[in-house]
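The primary structure of each chain is shown beneath.
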Amino acid sequence: MTEMINAFKMAQSQFDHVASLLNLDPQVAEMLRWPTREYKFMIPVRMDDGTMRVFFGYRVQHNDARGPAKGGIRFHPAETLDTVRALAMWMTWKTAVADIPLGGGKGGVPVDSASLTVGEKERLCRGWIDQMWRNIGPRQDVPAPDVGTTPQMMGWMMDEYSKLVGQYTPGVITGKPVGGGGSLGRTEATGFGVIYTVREAMRHLKMDPAKSLAALQGFGNVSQYAALGFTELLGGKVVCVSYWDREDRAPYTVTKLDGVNVRFLMSITDIYGSIDKDKASAEGYTIEDGDAWISKDVDVLIPGALEGQINAETVKRVSSRVRLVAEGANGPTTPEADAVFKQNGVFIIPDFLCNAGGVTVSYFESVQNDMNYYWTKDEVLQRLDTKITQAFNSVLEMSEGQKVYMRDAAYMVAIDRVVKAMELRGWL
Ligand code: NAD
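Criteria and cut-off values
- Residues numbered from 1 in each chain as written.
- Predicted model: local features only at pLDDT ≥ 70, side-chain atom pairs only at ≥ 80, totals over all residues.
- Heavy atoms only, no water.
- Near = heavy atom within 4 Å.
- Polar contact = N/O pair within 3.5 Å; in protein donor to acceptor, adjacent residues only side chain to side chain.
- Areas by Shrake-Rupley, 256 points an atom, 1.4 Å probe, with all protein chains shown as cover.
- Helix = DSSP H or I, 4+ residues; strand = E, 2+ residues; numbered from the N terminus.
- Nonpolar A, V, L, I, M, F, W, Y, C, P; charged D, E, K, R; others polar.
- Phe/Tyr/Trp six-rings, centres within 6.5 Å; stacked < 30°, edge-to-face > 60°.
- Buried < 20%, exposed > 50% of the residue type's maximum accessible area, 1.4 Å probe, protein only.
- Lys NZ or Arg CZ within 6 Å of the ring centre and 35° of its normal.
- Pairing = 2+ DSSP bridges.
- Axes fitted to C-alpha atoms, helices over the stretch in contact; angles between N-to-C directions.
- Core = buried A, V, L, I, M, F, W, Y, C linked by side-chain atoms within 4.5 Å.
- Contact = heavy atoms within 4.5 Å.

Enquirer: Can you help me understand the site of the ligand in this one?
Expert: If you check the shell around the ligand, you find 22 residues, and the closest are Thr190, Phe219, Val222, Trp244 and Gly273. Separating a nitrogen atom of the ligand from a side-chain N or O atom of Gln217 is a distance of 3.4 Å. In the environment of the ligand, an oxygen atom lies 2.8 Å from a nitrogen or oxygen atom belonging to the backbone of Trp244. Across the complex, the protein chains shield 76% of the 840 Å² of accessible surface that the ligand would expose by itself. If you list the elements that add at least two residues to the shell around the ligand, you get helix 6 (186-205), helix 7 (221-233) and strand 7 (237-245). Considering each element in turn, the shell around the ligand owes the most residues, 3 residues, to strand 7. Here the shell around the ligand is built from residues that sort into 9 nonpolar, 11 polar and 2 charged.

See the structure below:
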């Protein structure tokens, strides 16, 4: 999301809309429109060639009424204080809707991490912690990976924090590698979480998953496990997935109308979510243009790649057969397209409900770190299913009870919970 759109203004205006639906006290609304705390700091890093380079780091703690702030650290060239503020605010709503005892935070460094060597990355990660360690912690603020940061980087950050406080403290950060304090099931968490919400939505809409077709955008972490879940957990068919081809620098859709074999496609996909299209076409798959996924004659659309993909233009191509849109990605539907779906009675599972599986398993990771006892993958996924199903049902209940669109209902549930926690703590 670029500075031109100004993500923070967008996050504030979404909040204002729901604050008015909820008749929120203007003073309370003012407290939630802004982050509680913001940090900006300098991180000088010794580069491999011996020179010093100055980076700037951010951490924003939007709200911690329900528990320690929670949210990733992004290393991305377009990062600004406003993108971090917006993402921190969205995390407050995401943890609240998932009903995990955490607040919302986010961090970042404007940098292209691919331009750094391994040693430079490690020194930047340790430098970030050297500046922030007094203001984060398992009971204060728990960062995690995001765009441009990896489990390995979380391992370095956890190590730096543990050294500074003089105690092994794995719960200071989540998304760590398995074997280094990470949780089993984190890889599947977001995609399977998407599918648990799809299963509940289909039950509500009286759709039979075994007779349903889905089209997906993206074939990275979220979409691969969403596709696997749709076929193997629900028994439905995925007719196509799209992806960004790194060689051709263009998007494609890989299609098989009688159903793709998700495990085969995963076996020919690289770590960036780019599919080997020659191997796919040798197996009888059709390779179409990148937009083809959106106009397929299917029952379910799962955008799981980028923001703004279903917009005023592309929404016109969505088949009238589509009854359900599950937002695996963050912000895939623009307000214009949203209005069309609303008018046509398409059921939306909004992003911060649909993709809350990742942060929920991050929370499970810190719980396991606190206990110093680790669950099996099945236990993690079972608990995830319970949490996500409850979250979906509380939003559905709000939507039906107040006769509001699912996206507004999700915001209403989340804001309600945060305000209640603020009241209980005597902040209001
Ligand atoms: P990823 O990098 O693993 O995968 C992204 C996929 O999108 C790749 O397959 C890539 O080829 C594809 N893609 C990129 N540009 C495309 C285009 N123009 N057309 C079609 N496909 C395209 O990323 P991810 O972790 O799967 O995240 C996807 C989305 O889900 C993002 O919006 C992210 O913020 C959101 N999300 C991810 C998680 C998580 O746990 N991974 C949690 C919550 C939300």
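Enquirer: Where do I start with the packing of aromatic side chains in this structure?
Expert: The description of an aromatic ring pair uses the distance of the two centres, along with the angle that the planes make with each other. Enumeration according to the criterion identifies 10 aromatic pairs in this entry. Relative to Tyr411, the ring of Phe352 lies with its centre 4.9 Å away and its plane at 65 degrees, an arrangement referred to as edge-to-face. Here Phe352 is found in helix 11 (residues 351-354), whereas its partner Tyr411 is found in helix 14 (residues 406-424), with 59 residues between them in sequence. Tyr411 gets classed as buried once you look at its relative accessible area, which sits at 6%. Plain terms: the ring middles of Tyr363 and Phe364 are 5.8 Å apart, the flat faces sit at 45 degrees to each other, and that makes the pair tilted. Assigned by exposure class, Tyr363 and Phe364 land together as buried. Across the ring face of Tyr285, the terminal group of Lys256 is positioned such that the distance to the ring centre comes to 4.5 Å. Positioned above the aromatic ring of Trp375, the side-chain terminus of Arg383 is 4.0 Å from the ring centre.

Enquirer: Explain the sheet that holds strand 12 (residues 347-349) here, please?
Expert: Note: strands within a sheet are paired through backbone hydrogen bonds, in either parallel or antiparallel orientation. Read across the open sheet, the 7 strands follow the order 9-8-7-6-10-11-12; overall the sheet is mixed. With one partner strand each, in any of the chains shown, strand 9 (286-289) and strand 12 form the two edges of the open sheet. The average undirected angle you get between the axes of adjacent strands in this sheet is 20 degrees. The sheet contact formed by strand 7 and strand 8 (residues 250-255) spans 6 bridges and is antiparallel. Within strand 8, the position partnered with Tyr243 by the bridge is Tyr252.

Enquirer: Sorry if this is basic, but what is going on with unusual backbone geometry here?
Expert: With a phi angle near 55 degrees, Asp99 is a residue other than glycine that sits in the positive phi range. The residue Lys403 is not glycine, and still its phi comes out positive at about 55 degrees. With respect to the helices and strands, Lys403 occurs in the loop between helix 13 (377-402) and helix 14.

Enquirer: I keep staring at the nonpolar core and nothing clicks. Help me out?
Expert: Among soluble globular proteins, nonpolar side chains are generally buried collectively. Residues Trp93, Val198 and Ile349 are the most contacted members of the largest nonpolar core, which totals 93 residues. Take this core: its biggest share by element is 12 residues, from helix 14. Excluding residues that lie within four positions of it along the chain, Ile349 makes contacts with Thr197, Val198, Ala201, Leu324, Val325, Ala326, Glu327, Cys354 and Phe392. Met47, Leu116, Ile129 and Ile173 belong to the second-largest nonpolar core, a separate cluster that totals 24 residues.

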